[in-house]
Structure formats: structure tokens, C-alpha cells
Amino acid sequence: MHEEVLRRAAELSIDFLSSVDDARVVPGDVLADLRSALDLPLPQQGVDPVTVVEDLARGADPGLVRSQGGRYFGFVTGGAVPASVAADWLTSAWDQNSFSYVSSPAVSVIEEVVAKWLLEILDLPPQSSVALVTGCQMAHVTALAAAREHVLNSVGWDVAADGLYGSPRVNVVGGAMRHATVDRAFRLLGMGDSAVKQVPTDSSGRMLAVALAEVLDDLSGPTIVVAQAGEVNTGSFDPLDEIADLAETAGAWLHIDGAFGLWARAEPSLRHLTVGVERADSWAFDAHKWLNVPYDSGVAVVADKEPHRVAMAYAGAYLVPSQDRRDASDWTPDASRRGRGIAIYAALRSLGRDGVADLVARCCAHARSIATGLEDLGLEILNEITLNQVLVRASTDEETIRMLTDIQDGGEVWMSGTSWQERKAIRISISGWSTTAEDVKRTLDAFSQASR
Ligand SMILES: *Cc1c(COP(=O)(O)O)cnc(C)c1O
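Described below are features of the structure shown in this document. (Residues numbered from 1 in each chain as written. Predicted model: local features only at pLDDT ≥ 70, side-chain atom pairs only at ≥ 80, totals over all residues. Heavy atoms only, no water.)

## Considerations on the site of the ligand
Taken together, 13 residues form the shell around the ligand, and within it Q137, D257, D286, H288 and K289 come nearest. In this structure, an oxygen atom belonging to the ligand sits 3.1 Å away from a main-chain N or O atom of C136. Contact between the ligand and Q137: an oxygen atom at 2.8 Å from a main-chain N or O atom of the residue. In isolation the ligand exposes 380 Å². Once the protein is present, 85% of that is buried. Broken down by class, the residue content of the shell around the ligand amounts to four nonpolar, six polar and three charged. (Near = heavy atom within 4 Å. Polar contact = N/O pair within 3.5 Å; in protein donor to acceptor, adjacent residues only side chain to side chain. Areas by Shrake-Rupley, 256 points an atom, 1.4 Å probe, with all protein chains shown as cover. Nonpolar A, V, L, I, M, F, W, Y, C, P; charged D, E, K, R; others polar.)

## Topic: unusual backbone geometry
Between Y295 and the following residue, D296, the backbone shows a cis peptide bond with an omega angle of -10 degrees. Looking at the secondary structure, you find D296 in the loop between β6 (282-286) and β7 (298-302). Positioned with a positive phi, D123 is a non-glycine residue whose angle comes to about 50 degrees. One can find D123 in the loop between α5 (105-121) and β1 (129-133). A relative accessible area of 37% places D123 in the partly exposed class. (Helix = DSSP H or I, 4+ residues; strand = E, 2+ residues; numbered from the N terminus. Buried < 20%, exposed > 50% of the residue type's maximum accessible area, 1.4 Å probe, protein only.)

## Some points on the sheet that holds strand β9 (residues 389-393)
Spatially, four strands are ordered β8-β9-β11-β10 in an open sheet, and the strand pairing comes out antiparallel. A single partner strand is all that each edge strand has here, and the edge strands are β8 (380-381) and β10 (416-420). Note that β10 and strand β11 (residues 423-429) share five bridges and pair antiparallel. Paired with G417 across the bridge in β11 is I426. Lying on the sheet, helix α12 (residues 341-376) is in contact with β8, β9 and β11; it crosses β9 at an angle near 15 degrees. Running over the sheet, helix α13 (residues 397-410) touches β9, β10 and β11 and is turned about 35 degrees from β11. (Pairing = 2+ DSSP bridges. Contact = heavy atoms within 4.5 Å. Axes fitted to C-alpha atoms, helices over the stretch in contact; angles between N-to-C directions.)

## So, the packing of α5 against α12
Packed helix pairs are specified by the crossing angle of their axes together with the interaxial distance, meaning the distance between the axes. One way to put it is that α5 packs onto α12 with a least axis distance of 9 Å and a crossing angle of 30 degrees. Seen from above, α5 lies across α12 with left-handed handedness. Two secondary-structure elements touch here, α5 through V107, I110, E111, V113, V114, W117, L118, E120 and I121 and α12 through G341, I342, I344, Y345, L348, R349, R353 and V356. Here the residues of the contact of α5 with α12 sort into 12 nonpolar, one polar and four charged. (Left-handed = near helix turned anticlockwise from the far one by under 90°.)

## Brief notes about the pattern of salt bridges
One pass over the full model with this rule turns up 31 salt bridges. When the shortest N-O distance is used, the salt bridge between R402 and E399 registers 2.8 Å. Separated by three residues within a single helix, R402 and E399 lie in helix α13, roughly one turn from each other. On the basis of relative accessible area, R402 is assigned to the partly exposed category, the value being 30%. Connected through shared salt-bridge partners, D123, R265, R271 and E278 make up one network. (Salt bridge = Lys/Arg side-chain N within 4 Å of Asp/Glu carboxyl O.)

## Here we look at the pairing of β10
Residues of β10 alternate between two faces, with S416, T418 and W420 buried on one and G417 and S419 left unburied on the opposite face. The turn joining β10 and β11, which pair antiparallel and follow one another in sequence, is formed by two residues; a positive phi near 50 degrees is taken by Q421.

## Here we look at the packing of aromatic side chains
Taken as a whole and assessed by the stated rule, the structure comprises four aromatic pairs. A centroid spacing of 5.5 Å and a plane angle of 10 degrees characterise the contact between Y72 and W414, whose relative ring orientation is stacked. A residue pair is termed long-range when its members are at least 10 positions apart, and Y72 in the loop between α3 (49-60) and α4 (82-94) and W414 in the loop between α13 and β10 qualify at 342 residues. Overall, the relative accessible area of 10% leaves Y72 in the buried class. When the centroid spacing of 5.9 Å and the interplanar angle of 40 degrees are considered together, the rings of F75 and W414 count as tilted. Here F75 is found in the loop between α3 and α4, whereas its partner W414 is found in the loop between α13 and β10, with 339 residues between them in sequence. Accessibility expressed as a relative area gives 14% for W414, which makes it buried. Here a set of aromatic residues connected by ring pairs shows up, and it is made of Y72, F75 and W414. (Phe/Tyr/Trp six-rings, centres within 6.5 Å; stacked < 30°, edge-to-face > 60°.)

## A short note on helix α6 (residues 136-153)
Over its 18 residues, α6 extends 25 Å from the first C-alpha to the last, a length consistent with the 26 Å expected when each residue adds 1.5 Å. With 15 of 18 residues buried, α6 is to be regarded as a mostly interior element. (Expected span 1.5 Å × (residues − 1).)

## Focus on the layout of surface pockets
In this model, the largest pocket occupies a volume close to 1,000 Å³. The wall of the largest pocket is formed by 33 residues, among which A9, S13, F16, V85 and W89 lie closest to the centre. Elements represented by at least two residues in the lining of the largest pocket include exactly α1 (3-19), α3 and α4. With nine residues, α1 is the single largest residue contributor to the lining of the largest pocket. Considered as a void within the structure, the second largest pocket measures approximately 350 Å³ in volume. Along the walls of the second largest pocket sit 19 residues, with E112, A115, S128, K305 and R326 positioned nearest its centre. For the lining of the second largest pocket, the secondary structure elements donating two or more residues are α5, β1 and α11 (305-312). If one sorts the elements of the lining of the second largest pocket by residue count, α5 sits on top with four residues. (1 Å grid on protein atoms, 1.4 Å probe; cavity = no way out; pocket = protein on both sides within 12 Å on 5 of 7 lines; lining within 4 Å. Points joined across faces, edges and corners; volume = space filled by probe spheres on them.)

What follows is the structure, given as C-alpha cells:
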């Protein structure tokens, strides 16, 4: 019953992955085609599974973004290494409800191992608790819920029991270039946008430690500081060691947004960027970006298990508590959930420590080559290339936009635009395992044509 449709899906997947190098990286105007192929009447009687899958693949194909290929540099987007794609198929075939040990002993143990491996490869405190969630956004929510629990608990307020009605005010501090998901996390946790005190940043988007010291001096009471390891435009790191000193002195909880940048820690030549990161109280990062695992896969880590568990665990009479075994629902905001650790397990094992280091190093080397090539074309590089991000612009905003549009329309390579210090810029993020020197060359050729 399963066999034919699963084999067909495997063939179609392989066809797609084999096509990514030759097809347009991002579709042109396909909205009408997609709707006419996919917007079918809801059938009264079911359709044969093989037909469903074949029609789906055919209908979706023109609208698929080839971010699995080597020349998609939009946002911060990883591909998915082969072992993790295959493990993700198994995840669906196994279809385990992965909320507890009892509901899936296998996934519980796989995720226990993943938690240990992640702490090991990123060199975070080994006793930390780990939550595998949908993305860095929910990793922020999870870790900052633990932060809120801890800072309020330390002034005698039980937020789990009493919520924020009548609670002491929690001070929230973040750099001016923090990611928008941090603000949304605070909003979901009952601390609105206006609660966030903004610390100015330098020309690379790094929080100014002196300015943070001033902000913290003026505050008293429960405080959470959010710092960043890897700014989305420049790839810059906040001065984490200095920030850790200041947070420690202020008795504040320090949370790190390391969505992609935390992976720099897996590559010895980049470790210096992350010095001090291990002193934080919590971290949020993605597996679906730089580790190249399929969506959706984010990770929250909390150094002190207790507030994490208090913030997340739930109890029900029908739930069987397990002491020495991992119940994911104690650590995540989810009840029923996908066994999303399975794909991370496969990625980490297939790459190994050396493979992850090499993936990170390769992306950074490509970023440097692209920046050098673009400079040779007379374009202006706006950031110091310390990581995998390149910010570039032409002589005027109009010319920058025209160039970006030409490149995007060309279909050979794709990247997104941004604004940096009030000027238009093109942002190139090299985060995929499959980008090669040939892709770098083809990217530079596309720029060369567009700058004519
Ligand atoms: C991508 C990103 C996020 C959000 O992560 P999601 O996986 O999209 O939820 C947060 N912070 C930074 C720095 C990012 O690059």
C-alpha cells in the first residue's frame, strides 16, 4: 500500500534535487500558473495517492525556490545535507508523537543524544537543558520564558502561578540591531515592544558595551539582556565577553541570539568571535540555517535547567512522569510534536565535527572570494567579512536597486536587498553546504553582467 507512492516520492525528490543546479534559482512570475495547477476543486471522492503526489510535484515545481542549490544567497538560508533529508523522510514514515519517552522511546533517546552533541560541538555548558523547537523564533520564546521565570522568581514573584498581573516590571535590554524575532518573543511573553530598552550599536551593528553599561546603571530590579552572535546584515558579533561582565555585575540574565552565528564556534579559526558566549544564561539558534538541516529546526539551550523546566513543563493526570528519561514536552512549548531531532542527529553524524567546521569555514571563504571579486568590479563592500555575510552596494541607491533587480531577474543567482545605514544594499549570505568555487564564479559573472 505504501510502497508505490513512497518510491515515486523518492524519485520525484531525487529529480528535484538533481535539477537545482540547472534551473532558475528563484521562479519568475508564476502565481497564475501555480494557482491553475494547484487550486483544484476539493474532490468529493479521494484521488489515488500516486496521482496526488505526481500532480503535486508537477504543480509545485515552477514555484519552487532552489535554495537547496549553491547559488541561493537570500536571507540566511541553508540547504539540507543528504543524510538529514533522508532522516527527515524516516521521521515522517515513523510518524512518532515525540512529546515524551512513552510516546516514542526511540525519539526520546535520539534527542537526548542530539542535546549532548549540540552542547559538545558548540562548547556550551554540558549540564544545560536543550529544547528542539521550530526555529530560532520559538527558541527565543522558550529561553526567554525561562529567563522571565528566573528573574521574577529571584524577586519573589511566581510567574508560572500568577502570570504578569501585578508583577514587578522586568527590564528588557537589547542592541539596536537585534533581530525582530526577539521583540516578538517578548511580546508573546507579556512584555510589549515598548519594554525593550535599546542600546546603540557601532557601524558594524555591534552593541556598544559602554552604552550597555550606562543603560544597566540606570536600571534596578529583574533584568534580561539580549546580545547577538551574528548580525543578519554584517555577520558581526556583539562584544560578548564584556557584555557577560556587565550582565553579571547587574545580576541580569544574559540571552544570546546566535541563530546562525553560534556555529562559528564549531570552526577553530572563528572561535575568537564567540569568546564569552559560554558565560550566558541561555542561547537560541537554528539547525535549519547553517547546520543545513531541513525546516523546521531551532534550538533553545538554558544553562540552569530549573527555570527552563518550570517555565515549560506541564502536567496532566494521564501523563506518565519519567525521571531519568527525556520528555520533550518538559522543555518545549509543544505537546504533540514531530521528532525533529532525528534530522539533526543525521546531519551531525554524517558531517562529524570536522565536517561542520569545514562547512562553516567554506561558506566564510566563499564570502571572502565574493567580496574580493565584487570589489574588483568597482562595487563597495560595506562590512568587514568576518563571517558568511557580504553587504555590497553600487555608487547610488538607484543603481544598487537596478543591479539587484537585474540579478534577481536573471535567475542565475539570488540574494535579497536590505538597507544599511540608510542606504540601499545587496546582502549575500553564504550558508549552504553545496556552494562551490564554480558557484562563486557564476555569481561574480552575474554581477559583472548586471554592472554593465
Ligand atoms: C533567522 C534569524 C532569527 C529567526 O530565526 P527563525 O529560524 O527564522 O525563527 C533570529 N535571529 C537571527 C539573528 C536570525 O538570523
